[in-house]
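Fold and contact review
Chain by chain, the residues:
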Amino acid sequence: QVQLVESGGGLVQPGGSLRLSCAASGSIFSIYAMGWYRQAPGKQRELVAAITSGGSTNYADSVKGRFTISRDNAKNTVYLQMNSLKPEDTAVYYCNAVADEEVYWGQGTQVTVSS
């Protein structure tokens, strides 16, 4: 079992920045990859960014060049640095982990980009 706890969401103006954190606990040594997904009202949940245990990263086209995913293995934490935020980035952001062929989700954190 893996438990995920997100933090760092909030309200920010267009062009601003936020950093999301996701702390993992439990069977962390079995985690293969972690990522961030988001879901806006009336839309399907979509992948934002992911990082494997080897450090390979993958980004949605809509966030390339603006968002950066990273991980601190010593703290069992994954970060999502979000710069140049746009109103269309408004969504609930969920942390995700894949471990032992199981998928785990955090509770979600709201990000609102508005003036």
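We now turn to the structure provided with this report. (Residues numbered from 1 in each chain as written. Predicted model: local features only at pLDDT ≥ 70, side-chain atom pairs only at ≥ 80, totals over all residues. Heavy atoms only, no water.)

**What about the pattern of salt bridges?**
Scanning the model with the defined rule gives four salt bridges in all. Between aspartate 89 and arginine 38 there is a salt bridge whose closest N-O contact spans 2.9 Å. Taken as a pair, aspartate 89 in the loop between β8 (77-82) and β9 (91-99) and arginine 38 in strand β4 (residues 31-39) lie far apart in primary sequence, 51 residues in all. By relative accessible area, which is 1% here, aspartate 89 ends up buried. Residue lysine 64 is joined to aspartate 61 by a salt bridge in which the shortest nitrogen-to-oxygen separation is 3.1 Å. It is possible to trace a salt-bridge network through shared partners that takes in Arg38, Glu46, Arg66 and Asp89. (Salt bridge = Lys/Arg side-chain N within 4 Å of Asp/Glu carboxyl O. Helix = DSSP H or I, 4+ residues; strand = E, 2+ residues; numbered from the N terminus. Buried < 20%, exposed > 50% of the residue type's maximum accessible area, 1.4 Å probe, protein only.)

**What about the state of the cysteines?**
The full count for this structure, using the stated rule, is one disulfide. One disulfide bridge connects cysteine 22 with cysteine 95, the sulfur atoms lying 2.0 Å from each other. Every disulfide takes its handedness from the sign of the S-S torsion; for cysteine 22 and cysteine 95 that torsion is -80 degrees, giving left-handed. One end of the pair, cysteine 22, is in strand β3 (residues 18-26); the other, cysteine 95, is in strand β9, with 73 residues separating them in the sequence. The buried category is assigned to cysteine 22, whose relative accessible area is 0%. When its relative accessible area of 0% is taken as the criterion, cysteine 95 is described as buried. (Disulfide = S-S within 2.5 Å.)

**What about the nonpolar core?**
Counting residues in hydrophobic clusters, the biggest one holds 32 residues, and the most contacted among them are Leu4, Met34, Trp36, Leu80, Met82 and Tyr93. Residue assignment for this core shows that the elements contributing at least two residues are β1 (2-7), β3, β4, β5 (46-52), β7 (67-72), β8, β9 and β11 (109-113). A per-element tally of this core places β9 first, with five residues. (Core = buried A, V, L, I, M, F, W, Y, C linked by side-chain atoms within 4.5 Å.)

**What about the sheet that holds β8?**
Pairing within the open sheet is antiparallel, and its four strands lie in the order β1-β3-β8-β7. Each edge of the sheet is formed by a strand with only one pairing partner; in this case those strands are β1 and β7. With strand direction ignored, the average angle separating the axes of adjacent strands in the sheet is 20 degrees. Sheet topology places β7 next to β8; six bridges connect them, and they run antiparallel. Opposite isoleucine 69, over in β8, you have leucine 80 as the bridge partner. (Pairing = 2+ DSSP bridges. Axes fitted to C-alpha atoms, helices over the stretch in contact; angles between N-to-C directions.)

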